[in-house]
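Reading the structure
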Amino acid sequence: STNELHNDYIKLFFELGFQNLINEPTHKDGNTLDLLLTNQPGLIKDICITPDLICPSDHYSIKFKIKKNVNRRKVKKRRVFNYNEANWPELENELYAYDWSSMF
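Conventions and cut-offs
Residues numbered from 1 in each chain as written. Predicted model: local features only at pLDDT ≥ 70, side-chain atom pairs only at ≥ 80, totals over all residues. Heavy atoms only, no water. Patch = residues over 30% accessible without salt bridge, like charges linked within 9 Å, V, L, I, M, F, W, Y side chains within 5 Å. Areas by Shrake-Rupley, 256 points an atom, 1.4 Å probe, with all protein chains shown as cover. Salt bridge = Lys/Arg side-chain N within 4 Å of Asp/Glu carboxyl O. Helix = DSSP H or I, 4+ residues; strand = E, 2+ residues; numbered from the N terminus. Contact = heavy atoms within 4.5 Å. Phe/Tyr/Trp six-rings, centres within 6.5 Å; stacked < 30°, edge-to-face > 60°. Buried < 20%, exposed > 50% of the residue type's maximum accessible area, 1.4 Å probe, protein only. Polar contact = N/O pair within 3.5 Å; in protein donor to acceptor, adjacent residues only side chain to side chain. Core = buried A, V, L, I, M, F, W, Y, C linked by side-chain atoms within 4.5 Å.

Overview of a nonpolar patch on the surface
- Residues F81, Y83, W88, L91, L95, Y98, W100, M103 and F104 make up a contiguous nonpolar surface patch of about 1100 Å² in total accessible area.
- Along the chain, the position of F81 falls in the loop between β4 (60-66) and α2 (88-97).

This is the structure in structure tokens:
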């Protein structure tokens with residue numbers, strides 16, 4: 001039956017260590033059809049269930065924030081050449097003047 005399938009579905013996620021953080025209706029008829037499953041419930045905050053105003057639906061929107069600080073790597077300073085400011089004629093003269101036969 002549909003109810004058994006529902007129970008098996010929920011049981012599977014619980015056995016895998018997930019928790020559902022939604023405990024109020026997510027459907028206009030008062031049913032909880034949409035879930036927020038996580039194995040790190042301490043990282044989820046500010047769960048908000050509201051009728052969807054952007055895309056009309058019989059399901060409500062679930063909004064939440066993830067509490068996670070991202071450690072950004074320090075960017076190493078590096079030298080970047082601006083090729084638009086290069087002295088191309090001088091470079092060309094230097095390349096022509098070099099004794100390339102000594103390289104080979």
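So much for the structure itself; the text now carries on.
Brief notes about the environment of I49
- Within the element layout of this structure, I49 appears in strand β3 (residues 44-51).
- Contacts of I49, omitting those with residues within four sequence positions, involve I22, E24, P25, T26, Y60, S61 and I62.

Notes on the packing of aromatic side chains
- Counted by the stated rule, this structure contains 4 aromatic pairs.
- Judged by centre distance (6.4 Å) and plane angle (20 degrees), the ring pair of Y83 and W88 falls under stacked.
- Taking relative accessible area as the criterion, Y83 reaches 57% and is therefore assigned exposed.
- Aromatic side chains Y98 and W100 sit 4.9 Å apart centroid to centroid with 65 degrees between the ring planes, which places their arrangement in the edge-to-face category.
- Judged by relative accessible area, W100 falls into the partly exposed class, the value being 40%.
- Connected via pairs of aromatic rings, a cluster forms that spans Y9, F13 and F18.

Brief notes about the side chain of H27
- Take H27: it is sitting in the loop between β1 (19-20) and β2 (37-38).
- A distance of 3.1 Å separates polar atoms of two side chains, one belonging to H27 and the other to D58.
- Not counting chain neighbours up to four residues away, the residues in contact with H27 comprise L33, D58, H59 and Y60.

Notes on the nonpolar core
- Among the nonpolar cores identified, the biggest contains 5 residues, and these are L21, I22, L36, I44 and I49.
- Those residues in contact with L36, other than ones at most four positions away along the chain, are Q19, N20, L21, I22, I44, I47 and F64.

Regarding the pattern of salt bridges
- Under the definition given, this model contains 2 salt bridges.
- Residue E15 pairs with K11 through a salt bridge whose shortest N-O separation is 4.0 Å. Here K11 and E15 lie together in helix α1 (residues 2-15), a separation of 4 residues that amounts to about one turn.
- The exposure class assigned to E15 is exposed, which follows from its relative accessible area of 56%.
- For K65, the salt bridge goes to D46, with nearest N and O atoms at 3.9 Å. In this pair, K65 sits in strand β4 while D46 sits in strand β3, placing the two residues 19 residues apart along the sequence.
- Residue D46 is classed as partly exposed on the basis of its relative accessible area of 47%.

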